[in-house]
Amino acid sequence: MDDRLRFSRRIRFRLLAWLRRSRSGRIEFIRRFGYKEIIKATQGFRKVIYTNYHGSAYRAKFKGGEVALVKELTALDLGRERFDEEVQLLGRLRHRHLLTLRGFCIGRKRLLVFDNIENGSLKEHLNDPLKTPLNWKTRIQIAIGVAAALEYLLIFSSNDAHIYDVSVNSCNIMLDENFTPKISDIRVNRHPKNHPKATHDSCSEGSCADEECGNVIFQLGVLMLELITGQSSDRQGKDLIEWVQDSCIANSIDKMIDPDLGNNYSSRELQKVLAVARLCIKTRYEPPSFSITHVYRYLQKKIDVAT
């Protein structure tokens, strides 16, 4: 391996580790919301954005006009002590492409309140015909931004006794007023002893052999397919992967591109992003020989889009 490349990787990891220490301490203020205030903001928990086995996420509009995301935590073992720990650990995370924790609520439900989601979820903009279609540049910026956040999370986890689990798909990628992507589905793993701990070598520089890293890379690959095709996946990526493979058999990459884009995209960039997505989805069946950092660097280097 080239000495300069090895040196740059080492410096990058140290910088990220420094950022983790300097920017991921306790936040100055996490507000406690009243339960009635949450009910009113979510219109009685009727504005559901997504639901998974960890709980539901709701769109909330508060008195000052701020649009936020409220997450309900439904873990059976989530007592008061563990909920307080969840609030503290999630409150430490700081990244441009992660939703920032703003507050919590303890009432009939255990709830977390996250910051601005003015433009809703990525899925809404891919599926809702009433929404203005996302242009090609914005889609690429979303892919690069999510990859950057995943790199941060994996390195953060590798330096912390508490592992952060993350899920990535168009349902839980939120967009702020500038269409900046924000990962919203992050959880604190409650069994770190049984969790394959990510390491500096596996997650930031070399291969990413453990199951969690491979799963995150696979999810990123599916997300890139969603951005290319304009279709959201309803079966953990399986349906979308099958559809894309059928399109490839027909020898027409253009058949899989979102019709809403028209001809307003770069064929060169499309081919590069699609190649990365294909590599990522292969990790569903075999351990990857590359890491999230490799994906992030490649997209930054090969795609001429400012983030």
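Residues numbered from 1 in each chain as written. Predicted model: local features only at pLDDT ≥ 70, side-chain atom pairs only at ≥ 80, totals over all residues. Heavy atoms only, no water.

Looking at an unreviewed UniProt entry, the protein chain carries the name Serine-threonine/tyrosine-protein kinase catalytic domain, with the source organism given as Arabidopsis suecica.

Here we come to the confidence of the model for the protein chain. Mean pLDDT over the protein chain stands at 80; residues scoring 70 or higher make up 74%. Within the protein chain, strand β9 (residues 181-183) carries the highest mean pLDDT (96), whereas helix α6 (residues 200-205) carries the lowest (43). The low-confidence segment residues 20-28 (pLDDT under 50) makes 19 contacts with residues lying over four places distant or belonging to another chain. In the model, residues 193-207 has pLDDT below 50 throughout and makes 45 contacts with residues more than four positions away in sequence or in other chains. (pLDDT = per-residue confidence, 0-100. Helix = DSSP H or I, 4+ residues; strand = E, 2+ residues; numbered from the N terminus. Contact = heavy atoms within 4.5 Å.)

Let's shift gears to helix α10 (residues 292-302). Among the residues of α10, Ile-292, Thr-293, Val-295, Tyr-296 and Leu-299 are the ones counted as buried. Seen end-on, α10 carries its buried residues on one side only, within an arc spanning 165°. (Buried < 20%, exposed > 50% of the residue type's maximum accessible area, 1.4 Å probe, protein only. Arc of directions from axis to C-beta.)

Moving on, we come to the pairing of strand β6 (residues 110-116). Most of β6 sits inside the fold, with five of its seven residues counted as buried. One ladder, built from six bridges, connects strand β4 (residues 67-73) with β6; its direction is antiparallel. Along β6, the bridge assignment pairs Ala-68 with Asn-116. Pairing of strand β5 (residues 101-106) with β6 involves five bridges; the strand directions are antiparallel. Its bridge partner lying in β6, Phe-104 is registered against Leu-112. What sits between β5 and β6 in their antiparallel hairpin is a turn of three residues. (Pairing = 2+ DSSP bridges.)

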